[in-house]
Amino acid sequence: MQIKTAEFVKSSQKWQECPEPNLPEYAFIGRSNVGKSSLINAMMNHKDLAKTSQTPGKTQLINHFLVNENWYLTDLPGYGYAKVSKSLRKDFEKLITNYILNRKNLVNLFVLVDIRHTPQKIDLEFMQWCGESGVPFSIVFTKADKLKPGAAEKNVGIYKNDLLQTWEELPDLYITSAEKKTGGDLILDYIQKTNDF
Ligand code: GTP
Ligand code: MG
């Protein structure tokens, strides 16, 4: 898919404040600092459409971007950020789960995980919750440029084996680098395929 236009629509504090659910929507989620906002910018060919930061916890609201005037891309706050207070972390969790469960036009979630790490409990638990809640998701490995190609494949293999301990089928997997602008095209192809443009 070619990106002709990508524009910021609004930031919402809760799902009820999100734009009218009249277009198909795809959301990026994952731990703080995993690279959600950076990958959105890379895919949209835009330097700072979504705000990025070296400090985890940058994105604290639900951010909607309108792409090619016919679908929404959503940047969600990261989950599991240890440095905020427990009650604030609970608030974020509620914001995210309420958004996911109530957003009627949400087609797919992209769960981002850092390709350098072994499967983390919090990510696996989140995917488990998606499965139990009937929420479709794909896994997006980020920061592939930080590993040598062989090492990246190896880590993905470890991840797959881990998932197959509890899942009968693997979700779609994507290997990306926002830095090198790789992998995002396959995500866009998937979006095009699952959408009635
Ligand atoms: P929160 O909004 O805090 O949840 O973080 P986020 O997931 O949106 O992460 P963000 O895109 O802000 O990126 C976090 C840090 O990782 C920044 O310093 C980015 O420059 C860096 N980063 C993101 N993607 C990549 C990548 O593909 N390669 C490399 N080398 N660095 C990346
Ligand atoms: Mg962010």
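Preceding this section is the structure that the text describes.
Residues numbered from 1 in each chain as written. Chains lettered and ligands numbered in written order. Predicted model: local features only at pLDDT ≥ 70, side-chain atom pairs only at ≥ 80, totals over all residues.

1. Here's the deal with the overall build of the protein
For clarity, the cut-off: In this text, helices come from DSSP runs of H or I with a minimum length of four residues, and strands from runs of E with a minimum of two, each type numbered from the N-terminal end. All radius of gyration figures rest on C-alpha atoms, and the globule criterion is 2.2 Å times the number of residues raised to 0.38. Counting other C-beta atoms within 10 Å of its own, a residue is labelled buried from 20 upward, exposed at 12 or fewer, and partly exposed in the gap between, with every C-beta atom placed from the backbone. Here the contact rule is simple: place C-beta atoms from the backbone, and any two residues whose C-beta atoms are within 7 Å are in contact.
Tallying secondary structure elements over the protein gives 5 helices and 7 strands in all. What you see for the protein is a C-alpha radius of gyration of 16 Å, in line with the 16 Å of a compact globule of 197 residues. Along the three orthogonal principal directions, the C-alpha set of the protein runs to about 40 × 40 × 35 Å. Burial status across the protein gives 34% buried among its 197 residues. Contacts spanning at least 24 positions in sequence make up 71% of the contacts within the protein whose residues lie at least 6 apart.

2. As for the sheet that holds strand E4 (residues 71-75)
The condition that has to hold: Two strands qualify as a pair provided DSSP detects at least 2 bridges between them. A fitted line through C-alpha atoms represents every axis, and for helices the fit uses only the stretch in contact; the resulting angles, taken between N-to-C directions, go from 0 to 180 degrees.
Read from one edge to the other, the open sheet built from 7 strands follows the order E1-E3-E4-E2-E5-E6-E7, with strand pairing classed as mixed. Whereas interior strands pair on both sides, the edge strands pair on one side only; in this sheet they are strand E1 (6-12) and strand E7 (173-175). In this sheet, adjacent strand axes meet at a mean angle of 25° when their direction is disregarded. Pairing geometry for strand E5 (residues 106-114) and strand E6 (residues 137-142), over 6 bridges, is parallel. Note that in E6 the partner of Phe110 across the bridge is Ser138.

3. With respect to the site of ligand 1
Filter applied, for reference: The rule is simple: place the C-beta atom from the backbone, and if it lies within 6 Å of a molecule or strand, the residue is near it. Residue polarity follows a fixed list, in which Ala, Val, Leu, Ile, Met, Phe, Trp, Tyr, Cys and Pro are nonpolar, Asp, Glu, Lys and Arg are charged, and the others, Gly among them, are polar.
Close to ligand 1 lie 23 residues; Gly35, Ser38, Thr52, Thr59 and Gly78 are nearest. Considering each element in turn, the shell around ligand 1 owes the most residues, 3 residues, to helix H1 (residues 36-44). When the residues that make up the shell around ligand 1 are grouped by side-chain class, the tally is 4 nonpolar, 13 polar and 6 charged.

4. Examining the pairing of E4
Counting buried positions over the 5 residues of E4 gives 5, a clear majority of the element. Across 4 bridges, strand E2 (residues 25-30) lies against E4 in parallel orientation. Of the residues in E4, the one forming a bridge with Tyr26 is Leu73. Sheet topology places strand E3 (residues 62-67) next to E4; 5 bridges connect them, and they run antiparallel. Residue Val67 lies in a different strand from E4, and its bridge partner there is Trp71. Between E3 and the antiparallel strand that follows it, E4, lie 3 residues; Asn68 among them carries a positive phi value of about 50°.

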